[in-house]
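Descriptive analysis of the structure
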Amino acid sequence: MARRNLVIAGSVLAVVVLYAVLVPWLAGVDDRVTDFAQARQAPSADHLFGTDSAGRDLFVRIASGIRTSLVVALLCALLATVIGVVVGTAAGFWGGWPDRIIMRSTDAVNALPHLLLGIVIVAMFRGSLLAIVLSIALTHWTQVARIIRSEILSLRQRPYIDAAVLAGASRRQVAVRHLVPATAPQAMIAVVLLLPHAVWHESTLSFLGFGLPPHEPSLGTLLEEARSSLLLGGWWTLVFPAAVLVIVTLAVAFAGQALRKVITPPQPSELRL
């Protein structure tokens, strides 16, 4: 079942990625160029998703928006996972009072309102891609740290770790050569599971006007632009970007859940007798 779900979700993602990559290239036009003579045209054979208030083809512009949102989300997920792996490894490996301090600090970060903190960070550097990546990554590493810490605590009890210590390996060598590589599957799953969160947060920040500048297409900026067109009857400017956003996030979420079941071995309670 998990493998089948992974194949289905992966196929949907592959179609979305091909759409995001190939359509802007095949269209051969700059989706930032305006043509007010074509503004707010309903979906037709010439414009499958219609046009926006500036006359730009939404079929092409949504493809560019997917590409931007996925790149931003991937950067956020990778950075959040790296931070979580470092923090979780340090807490689980050292134990004792360093572990308590690190985990209480993690709880403090997790207690902060993520969206509000992200808005504060992005507002200081309006329109900066780096600020958007940092605002999302710095608020989403806490769960990764908890998972990695639990994995490290379990790995420390393995016989091969004791054998490495008895053979004269230093703490750093044990961590770098044995513990961190063993957490790679969990880290990979964390990246996939963080992607839909990152996509939604980037879209929310852009929709609120704190994300990417309006001329840079992303799913969030397209939804923000749709507000004015919607009042004038341009329902397609909202429906198509919103539908694509839901499809992308659901496909990534299902792929992450299926990947976790495929990679993570079943627990004894899950095994059928």
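Nothing here was measured: the structure is a model prediction, and the numbers come from that model.

Calculation criteria
Residues numbered from 1 in each chain as written. Predicted model: local features only at pLDDT ≥ 70, side-chain atom pairs only at ≥ 80, totals over all residues. Heavy atoms only, no water. Core = buried A, V, L, I, M, F, W, Y, C linked by side-chain atoms within 4.5 Å. Buried < 20%, exposed > 50% of the residue type's maximum accessible area, 1.4 Å probe, protein only. Helix = DSSP H or I, 4+ residues; strand = E, 2+ residues; numbered from the N terminus. Contact = heavy atoms within 4.5 Å. UniProt positions renumbered as here; feature names shortened; annotations may be inferred. Phe/Tyr/Trp six-rings, centres within 6.5 Å; stacked < 30°, edge-to-face > 60°. Lys NZ or Arg CZ within 6 Å of the ring centre and 35° of its normal.

All right, on to the nonpolar core then. With 52 residues, the main nonpolar core has Tyr19, Ile62, Ile66 and Leu179 as its most contacted residues. Tallying contributions element by element places helix H2 (residues 58-94) first for this core, with 13 residues. The residues touching tyrosine 19, leaving out its near neighbours within four places in the chain, are Pro24, Phe49, Phe59, Ile62, Ala63 and Ile66.

A few words on the UniProt feature "transmembrane region" (unreviewed entry) in the protein. With numbering matched to this structure, UniProt assigns "transmembrane region" (unreviewed entry) to residues 6-27, 70-95, 115-139, 179-200 and 235-255. Taken end to end, residues 70-95 comprises 96% helix and 0% strand; its first and last C-alpha atoms sit 37 Å apart.

In this section: unusual backbone geometry. Phi is positive for arginine 40, which is not a glycine, with a value near 55°. Here arginine 40 shows up in the loop between helix H1 (2-27) and H2.

Before going further, it helps to examine the side chain of serine 69. Turning to its location among the elements, serine 69 is positioned in helix H2. Setting aside anything within four residues of it in sequence, one finds serine 69 in contact with Val199, Glu202, Ser218 and Leu219.

As a further point, take the environment of leucine 194. Its location among the elements puts leucine 194 in helix H9 (residues 184-207). With relative accessibility at 12%, the residue leucine 194 sits in the buried group. Each C-alpha atom of the pair leucine 194 and leucine 74 lies 8.5 Å from the other, and the pair is 120 residues apart in sequence. If we skip the residues at most four places from it in the chain, leucine 194 touches Ala77, Ala80, Thr81, His140 and Val144.

A few words on the packing of aromatic side chains. A complete count under the given rule lists 6 aromatic pairs for this structure. Taken together, a centroid distance of 6.2 Å and an interplanar angle of 40° make the contact between tryptophan 235 and phenylalanine 240 tilted. On the basis of relative accessible area, tryptophan 235 is assigned to the partly exposed category, the value being 42%. Through a chain of ring-to-ring contacts, the aromatic side chains of Tyr19, Phe49, Phe59, Trp235, Trp236 and Phe240 assemble into a single cluster. Note that arginine 227 overlies the ring of phenylalanine 207, its terminal NZ or CZ placed 5.0 Å from the centroid.

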